[in-house]
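# Residue-level structure breakdown
Here are the chains, one letter per residue:
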Amino acid sequence: MIVVCGEALVDLTPTVCDGTAAYVPRPGGSPFNVAIGVARLEVPAAFLGRLSQDFFGRILRERLLAEGVDLTYLSEGPERTALAFVHVTAHEEPEYSFYVEDTAERMLGVKDLPTEFPDEVSSIHFGSLSLVLEPGASTLEALMQREHGRRVISLDPNVRPSLIPAPDDFRERLHRWISLADVVKVSRADLSWLYPGEPVSGVARRWLTLGPSLVVVTMGPDGCLGMTASESVRLPGRKVEIVDTVGAGDSFMSALLARLHASMRMTPSLIEGLSRAELRDVLDNAVRASALTCTRAGAEPPSRAELEVAGQPGW
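Think of each chain on its own: its residues are numbered from 1, step by step along the sequence as written. A pLDDT threshold of at least 70 governs which residues receive local features in this predicted model, and a stricter bar of 80 or more applies before side-chain atom pairs are shown or counted, although totals over entire chains, interfaces and linings include all residues. Hydrogens are left out, water is left out, and the side-chain values use all remaining heavy atoms of the structure.

### Comments concerning the sheet that holds strand S2 (residues 9–17)
- Strands are treated as partners if at least two bridges between them are detected by DSSP. Strands are runs of DSSP state E lasting at least two residues, helices are runs of H or I lasting at least four, and both sets are numbered from the N terminus onward. Reading across from one edge, S3-S2-S6-S7 is the order of the four strands in this open sheet, with mixed pairing throughout. Bordering the open sheet on either side are strand S3 (20–28) and strand S7 (95–99), each of which pairs with just one other strand. For this sheet the average axis-to-axis angle between neighbouring strands, irrespective of direction, equals 30°.
- Where S2 meets strand S6 (residues 83–87), three bridges bridge the pair, whose relative direction is parallel. Within S6, the position partnered with Leu12 by the bridge is Phe85. Lines fitted to the C-alpha atoms define the axes, with helices restricted to the stretch that makes contact. Angles between their N-to-C directions range from 0 to 180 degrees.

Written as structure tokens, this is what we have:
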């Protein structure tokens with residue numbers, strides 16, 4: 001089982017209603033999307049986080065249940081659900097305006113964490129807003145430290161600059177998280193903010209020296225770069241008719257984790273020992289999932305059947 005930790009919130013995505021600009025509420029949040037993406041690929045997934053008991057919180061809970069995500073590690077509270085207004089511009093990364101003051105997802109406390117995980121949990125994923133919004137951020141970092149070395153730790157920082165008042169402090173914390181992680185996925189857009197002007201390959205190679213077995217950089221339509229200590233694979237993107245790119249990175253992450261799990265590679269040593277062909281297979285699976293998500297509105301990751309069809313020649 002893969003346990004995904006972090007926030008669930010409501011994305012308000014732009015649309016047009018009777019000729020007037022409007023926003024449609026959609027369940028979202030990067031970890032929420034990753035958990036659903038893993039479940040749709042028929043790999044056991046659980047969500048660890050805190051949901052509001054308000055109307056939106058109930059919608060988020062029902063969506064997770066409907067997708068087959070295990071809610072054993074879910075906690076709930078009276079706080080409001082966080083909101084994210086999505087601003088989409090053609091051929092650019094989506095921009096987000098967040099409303100996260102005193103909201104449920106950031107109030108996750110140590111008391112909400114399980115004292116231990118069963119052996120069936122092979123991997124725990126962390127990332128996004130939940131690692132920068134206190135007090136929940138410190139709670140999750142403590143969990144990451146506790147589980148380091150016990151099972152595969154994966155990380156997607158999914159940087160949101162508007163929520164980071166002190167970039168240097170964030171970089172210091174990020175390097176600490178990377179040292180605890182076995183799999184790190186980051187976008188080219190994230191790296192351009194973190195280290196302006198630095199080549200992505202140089203950053204990926206430097207991050208590998210901090211401890212991860214695998215570092216992957218996603219580059220939108222240009223595909224991705226995956227690196228272990230001994231192998232480096234770069235794959236092009238898939239050409240598709242883009243509706244929007246919301247959730248594409250989350251689908252990439254979920255497909256990457258699902259492939260490692262399904263291929264019985266979910267240990268740090270086995271990930272580090274991926275052959276070039278195996279690494280290419282894992283990355284290709286993730287690129288296809290990301291491309292499929294771009295063909296529909298909102299964060300809608302593909303099912304296992306859809307991903308298998310997209311793996312056929314000529315797709």
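### Quick notes on the packing of helix H1 (residues 30–40) against helix H7 (residues 248–262)
- With their axes 8 Å apart at the nearest point, H1 and H7 run at an angle of 45° to one another. The pairing of H1 with H7 is recorded here as oblique in orientation. The hand of the H1/H7 crossing is right-handed. Note on element contacts: H7 touches H1 through Asp250, Met253, Ser254 and Leu257, opposite Ser30, Asn33, Val34, Gly37 and Val38.
- For this scheme, ten residues count as nonpolar: Ala, Val, Leu, Ile, Met, Phe, Trp, Tyr, Cys and Pro. Four count as charged, namely Asp, Glu, Lys and Arg, and the remainder, Gly too, count as polar. Of the residues contributing to the contact of H1 with H7, the split by class is four nonpolar, four polar and one charged. We call two directions roughly parallel when the angle between them is under 35 degrees, roughly antiparallel when it is over 145, roughly perpendicular when it lies between 65 and 115, and oblique otherwise. Crossing handedness is defined as follows: a turn of the near helix away from the far one that is anticlockwise and smaller than a right angle gives a left-handed crossing, while the clockwise case is right-handed. Whether two residues are in contact is decided by their heavy atoms, any of which lying within 4.5 Å being enough.

### Considerations on the packing of H1 against helix H2 (residues 55–66)
- It is at 10 Å that the axes of H1 and H2 come closest, and there the two elements cross at 20°. Overall, the two elements H1 and H2 adopt an arrangement that is roughly parallel. The element H1 and its partner H2 pack so that their crossing is left-handed. Between H1, through Phe32, Ile36 and Arg40, and H2, the contact on the second element is made entirely by Leu60, Arg63 and Leu64.

### Remarks on H7
- The span expected for a helix works out to 1.5 Å for each residue beyond the first. Under the 1.5 Å per step criterion, the end-to-end length of H7 is 21 Å for 15 residues, consistent within 8% with the ideal 21 Å.
- Partly exposed describes any residue whose relative accessible area lies between the buried limit of under 20% and the exposed limit of over 50%, with all areas from a 1.4 Å probe on protein chains only and scaled to the type maximum. Burial runs high along H7: eleven of the 15 residues are buried.
- The set of residues buried in H7 consists of Ala248, Asp250, Ser251, Phe252, Met253, Ser254, Ala255, Leu256, Leu257, Ala258 and Leu260.

### Things to note about the pattern of salt bridges
- We define a salt bridge as a side-chain nitrogen of Lys or Arg found within 4 Å of a carboxyl oxygen belonging to Asp or Glu. Applying the stated criterion to the full structure yields 26 salt bridges.
- Linking Glu76 and Arg61 is a salt bridge whose minimum nitrogen-to-oxygen distance equals 3.2 Å. Of this pair, Glu76 sits in strand S5 (residues 74–77) while Arg61 sits in helix H2, and the two are 15 residues apart along the sequence.
- Taking relative accessible area as the criterion, Glu76 reaches 35% and is therefore assigned partly exposed.
- Residue Arg61 is classed as partly exposed on the basis of its relative accessible area, which comes to 33%.
- The shortest N-O distance in the salt bridge between Arg173 and Glu134 comes to 3.3 Å. Of this pair, Arg173 sits in helix H4 (residues 167–180) while Glu134 sits in the loop between strand S8 (123–127) and helix H3 (136–147); the two residues are 39 residues apart in sequence, bridging distant segments of the chain.
- Residues joined in a network through salt bridges with shared partners are Arg40, Arg63, Glu67 and Glu300.

### Topic: the nonpolar core
- Counting 45 residues, the largest nonpolar core has Phe47, Leu256 and Leu283 as the members making the most contacts within it.
- For our purposes a nonpolar core is just a set of buried Ala, Val, Leu, Ile, Met, Phe, Trp, Tyr and Cys residues, chained together by side-chain atoms within 4.5 Å. In terms of nonpolar packing, the next biggest core, distinct from the first, is built from 41 residues, Tyr73, Val184, Val215 and Val217 among them.

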